[in-house]
Amino acid sequence: MPASSLLPILAALAALGFVAGRRRALSLAGGDARGLHSLPAHYGAEVALFTLLPALALLALWSLATPLAVNHLVAGEFPAETRAEPGAMSLAMSDIRRLAAEPDAGQGSAGQGTRAASLQEAARLYSTLRARASGLASLTVLLTALAGLGYALWRIHPRRRARSHVEAILESLLIGAATLAILTTLGIVASMLSGTIEFFRLYPAGDFFFGTIWAPSFGGGSRLGILPLLWGTLYISLIALAVAVPIGLFAAIYLSEYASPAARALLKPLLELLAGIPTIVYGLLALVTVGPALARVFGDEGLGWMQGASAAITAGLVMGGMLIPFVSSLSDDILNAVPQALRDGSLGLGATRSETLRLVVLPAALPGIVGAILLAASRAIGETMIVVMGAGAAARLSLNPFDAMTTITAKIVSQLTGDADFASAEALVAFALGMTLFVLTLGLNVLALHVVRKYREQYE
Amino acid sequence: MSAPNKSLFTPGPRTRARNRAEARFRASGLAAILAALAFLTGLMGIILHDGAPAFRQAFVTLTVELPEERLDPNGNRDPADLARVTTFKYAPLLDAALLRALEEAGAENPFAKAKKLRALLSKGAPAQLRARVLAEPELIGGSLTMRFLASARADGYLKGRVTRESLARERKFTPAHLDVADALLGSGLLESRFNLAFLTGSDASESRPEAAGIGTAALGSLAMMLVVLALALPIGVAASVYLEEFAPQNRLTDLIEVNIANLAAVPSIVFGILGLALFIQFAGLPQSAPLVGGLVLTLMTLPTIIISTRAALRAVPPSIREAALGVGASRMQTVFHHVLPLAMPGILTGTIIGLAQALGETAPLLLIGMIGFVATNPPASPAEAFLAPNSAMPAQIYEWARRADPAWYERAWGGIILLIGFLLAMNLAAILLRRRFERRW
Amino acid sequence: MNNCSQDTKVTAKNVNVWYGDNHAIKDVSVDISDRMVTAFIGPSGCGKSTFLRCLNRMNDTIPTCRVEGELCLDGEDIHDARVDPVELRARVGMVFQKPNPFPKSIYENVAYGPRIHGLARSRAELDEIVEKSLRRAALWDEVKDRLQAPGTGLSGGQQQRLCIARAVATGPEVLLMDEPASALDPIATAQIEELIDELGRSIAVVIVTHSMQQAARVSQRTAFFHLGDLVEYGETDQIFTNPADSRTEAYITGRIG
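Keep in mind that this is a model prediction, so the values were computed, not measured.

A. Main features of the interface of chain A and chain B. Contacts between the two partners involve 80 residues from chain A and, on the opposite side, 71 residues from chain B. When the buried area of chain A at its contact with chain B is split by residue, Leu174(A), Tyr254(A) and Leu284(A) rank highest and sum to 9% of it. One can count one salt bridge joining chain A with chain B. Linking Glu355(A) and Arg18(B) is a salt bridge whose minimum nitrogen-to-oxygen distance equals 2.7 Å. Across the chain A-chain B interface, the total number found is nine residue pairs in polar contact (both at pLDDT 80 or more). In terms of residue count, the dominant contributor to the side of chain A that touches chain B is helix H7 (residues 162-202) of chain A (18 residues). Considering only residue class, the side of chain A that touches chain B consists of 53 nonpolar, 20 polar and seven charged.

B. Local environment of the interface of chain A and chain C. Each side of the interface is counted separately: chain A has 19 residues, and chain C has 23 residues. Summed over both partners, the interface of chain A with chain C comes to about 1,600 Å²; 66% of that surface belongs to carbon and sulfur atoms. On the chain A side of the contact with chain C, Asp344(A), Gly348(A) and Leu349(A) bury the most area, a combined 35% of that side's loss. If you look at where chain A meets chain C, you find one salt bridge.

C. Broad picture of the packing of aromatic side chains. Residue and element names in this part refer to chain B. For the structure shown, the criterion picks out 21 aromatic pairs over all chains. A ring pair is formed by Phe198 and Trp400, whose centres lie 6.2 Å apart and whose planes are at 35°; its orientation type is tilted. Of this pair, Phe198 sits in helix H8 (residues 196-200) while Trp400 sits in helix H17 (residues 393-402), and the two are 202 residues apart along the sequence. Trp400 shares its class with Phe198; the two are buried.

D. Summary view of the pairing of strand S4 (residues 65-73) of chain C. Residues and elements named next belong to chain C. Pairing of strand S1 (residues 10-19) with S4 involves eight bridges; the strand directions are antiparallel. Opposite Lys13, over in S4, you have Glu70 as the bridge partner. Sheet analysis places S4 next to strand S5 (residues 76-77), joined by two bridges and oriented antiparallel. Looking at the pairing, Cys72 lines up with Asp77 of S5. The hairpin formed by S4 and S5 contains two residues between the paired strands, and Asp74 there has a positive phi angle of roughly 50°.

E. Highlighting the packing of helix H9 (residues 215-246) of chain B against H17(B). All names here are of chain B. Between H9 and H17, whose axes approach to 7 Å, the crossing angle comes to 145°. Residue-level contacts link Ala217, Ala218 and Ser221 of H9 to Met393, Pro394 and Gln396 of H17. Its residues assigned to classes, the contact of H9 with H17 shows four nonpolar, two polar and no charged.

F. Region of the structure containing the domain arrangement of chain A. Entries for chain A in the domain assignment read domain 1 (3-160) and domain 2 (214-459). Relative to domain 2 of chain A, the C-alpha centre of domain 1 of chain A lies at a distance of 45 Å.

G. Expanded view of unusual backbone geometry. Residue and element names in this part refer to chain B. A positive phi angle, close to 55°, is found at Arg77, a residue other than glycine. By the element assignment, Arg77 lies in the loop between helix H2 (68-71) and helix H3 (79-84). Exposure remark for Arg77: the relative accessible area of 27% places this residue in the partly exposed category.

H. Molecular detail of a positive patch on the surface. All names here are of chain B. A cluster of like positive charges, contributed by Lys113, Lys115, Lys116, Lys123, Arg171 and Lys172, occupies part of the molecular surface. Structurally, Lys172 is set in the loop between helix H6 (152-159) and helix H7 (175-186). By relative accessible area, Lys172 is classed as exposed at 65%.

Each value, and the rule that gives it
Residues numbered from 1 in each chain as written. Chains lettered and ligands numbered in written order. Predicted model: local features only at pLDDT ≥ 70, side-chain atom pairs only at ≥ 80, totals over all residues. Heavy atoms only, no water. Contact = heavy atoms within 4.5 Å. Buried area = accessible area lost by both parts, 1.4 Å probe. Salt bridge = Lys/Arg side-chain N within 4 Å of Asp/Glu carboxyl O. Polar contact = N/O pair within 3.5 Å; in protein donor to acceptor, adjacent residues only side chain to side chain. Helix = DSSP H or I, 4+ residues; strand = E, 2+ residues; numbered from the N terminus. Nonpolar A, V, L, I, M, F, W, Y, C, P; charged D, E, K, R; others polar. Phe/Tyr/Trp six-rings, centres within 6.5 Å; stacked < 30°, edge-to-face > 60°. Buried < 20%, exposed > 50% of the residue type's maximum accessible area, 1.4 Å probe, protein only. Pairing = 2+ DSSP bridges. Axes fitted to C-alpha atoms, helices over the stretch in contact; angles between N-to-C directions. Domains from an automatic or database assignment. Patch = residues over 30% accessible without salt bridge, like charges linked within 9 Å, V, L, I, M, F, W, Y side chains within 5 Å. Areas by Shrake-Rupley, 256 points an atom, 1.4 Å probe, with all protein chains shown as cover. Lys, Arg positive; Asp, Glu negative; His and termini not counted. Charge placed at Lys NZ, Arg CZ, Asp CG, Glu CD.

Right, here's the structure in full:
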């Protein structure tokens, strides 16, 4: 029985439990709710929770364990040498899953001969095991729910502290929701770590981190050095920051120090509007408008510096535009955190507004602004759509902003959306790239958040 | 020291220089604002200018003869027999109809063969005709006046995108076709109309940009947003309530705080990798399914929702909590009866903004396979809306942009108008909600 | 046209101030003499600080604030279109209620004014101005060995004296002090009062204070404000011993305020 039909049954049982628990508590108290320790609804809720939670926990555990167990059993059917060979097993498993999903599709793609036959065999085993596991799971889960319901009903007593119990359970649910943040981080690390380790088994880590050539080829003999990608990432980010930081910072200065309240009330939402535009829009802008426009000026018909419309400068400029509102709204917050007393002190001595800003406010706000720029840099490094659509595909170590370049994020997309098989080094490299990107941005974020927090504490 | 009795009315040279510096500084601030505004206006201008044409489409109205001997050689109107007649048999009927229309308009066919005229119509036109005939077999033997989609080139000519110069190097659609188009325009058979199919339709194959619509992808986005709303709102509120109202000051709480702050700044593509590895490769959920997209976007949006929900909870003054605790409510009752209802407008505002962010997100969707195929049919059932492969609005826009043809770019910009329209509506709802329920303590 | 009298340092005639719709100062006229300490007293919200901030046009920095009437420094209208508020503030310095040293070194705090106004031609001259100002603020002996230490690291009283040194470094002719000792302990307050007394011998000092004792101790003339009106203005001794207005008497004896 699939989860989609199991869940409504569980919900119905829980509702039943609620009504039964409430009624039983009331009848035990002789129909007078004042004779109960807690409100009747608390007794009902306790029964419902006892019905629902253990069953759901079991269901979740079962869904996690089944794939592992089934995979293990199916893998046991394969010879030891296949299992030892890196990548071969996961390749076979993905074939099996596909065959199990659509048994007729196997003929063409899985190949001919003994391998195809053994795959078909394994796929049948896989389907049977999964079906059996699913049936068993439904039965156990339903029995658990019924047991929970019965137990909770039996324990109802007028002096039972149902409210404390319900609230304790609720609080642990709240804790569970909060811990999801940690689990997500762990999930990110785990999902990339296994792929990364697999990749480094196929491709030496030294060549990956220090290789200066990025040339994946699906026939084998790929060169997968990260340096050209890292260079492209940093170079494009630098162009973007060179656009966004001065404009964003000066816009924030104008908004927080010069603009009249009316102008501020109009301009701030407009800038925020810019921040809410999805990156796909900027990507399309780079691809269709900015790239060709730059190519007209700097390309073969113009100055001749540019080969195509896709270049580091195309992506960098558009990304800079995207980051302006990000930098300006962060800087605006930070400038506003500088106490007015400092401005008054300086103005009271006869300093002009710009002197006050340059000599007093900006130095005082510097740590916060550095933090904001670091956050913007992390944004730029992790940006995907603009570089996928505007920067080009060629990985090269070049100083010329008019050259096409590519970035870590763009290559993650191309390696994982291409036709490469998920077990090959060419696809697995995306996990190593993702890991590098994650570590890079995490470092920047931690540093930036730390700097900004320290800065805020200073004026609180 | 400054001269004590200098008049205030005659500023010194130094003051004048300082005031000039002040003016320069102020002007650079204004210039930055203007640059940002120019970027915004330019962007909006390009979006509207390049996207608006997608909402109009060229159609050709033709009267087609439906001879029985071609379409139903057995003459029994048996649906099975009719279905065996392919679009190849229908295409020449359209050629003939075009030829007739041209004669009525008083123009000559500039081509040796009538077949060449077909480039004026969408490649899907024969299928359009066949579907109509299969639905109403009684039409066979008579004639039918019907509006057909014009081809993307003919459509582009009406929109000014295609000119005689731009066609100089094309083989299938030549300037001579434009003469035919002019003649049909003159007789009113070729016309530009509001393109409802763009809003409601599905994606079309690469050679038929004129037939593509964003409706199916919008349904995919809707399904994802429902998943995000159903998961991110309760989980986000639960996590925020715990952190704001119950959490003790300890290592675990600190760890959660640090994680939330960092997750909010993790690149979205990383969430795509997580989704690919966890939901598709490990849990075996179907690829390209809106359910998976919704799960990934939920994880991505949670930090945003938690941060804004916590701010909303913090804005509820402690006196409210003290009042409830003072009459003997438990902490849980205090939170659920008093604090949460008061914080609700703020929570909903944050949730809407989080949803808007999720709606526009593209990068993670690429990795879980919401691109690279043509979602030609809308989902048939609610379950299919979540589980069957579909695209989403931003992914569909990306897919169109990759097809590298001005007609597809027009579709992409048109899709962006719709996407931004949704985002603006959501942000406006958030602002109104905040205004309506804004409370000052 | 100029109605301002020449023999006093600052003249105010029929000054009105609005914050938005709130009429904060109503028709106030005051003459402030040179080389003397003038105190503004009155209950909170009576407008005394607002009026003080008019004297060097600090209210210009508040967008909703509107000032009408005539205010003259040495007989020149400070609201005249030709007047640059920046130059005005160099001549009419200000010390605020809460010590607000810049997050810079002690030396840089004092040197800030002279630098922006270009008062020193060389480093040696600047050093001299800094030392002299710190001495006038009675802070030199305490900080001479740590001029490069951050100004924010000083104690509250020292910070306020640093702010006074910062203000006198530009050589102001009038020094406005907005409750300069209200955030300080009694010992620091005594030091500040001594300083005010000293400064009042060479320049015009205007001090806003909550404490009537303080006004009585440091000032020669006192103005009593109530609800935006200037109720009474005269010799400090006379105001405190023999007030002409019943409201002044009520305030001094603690019945309003």
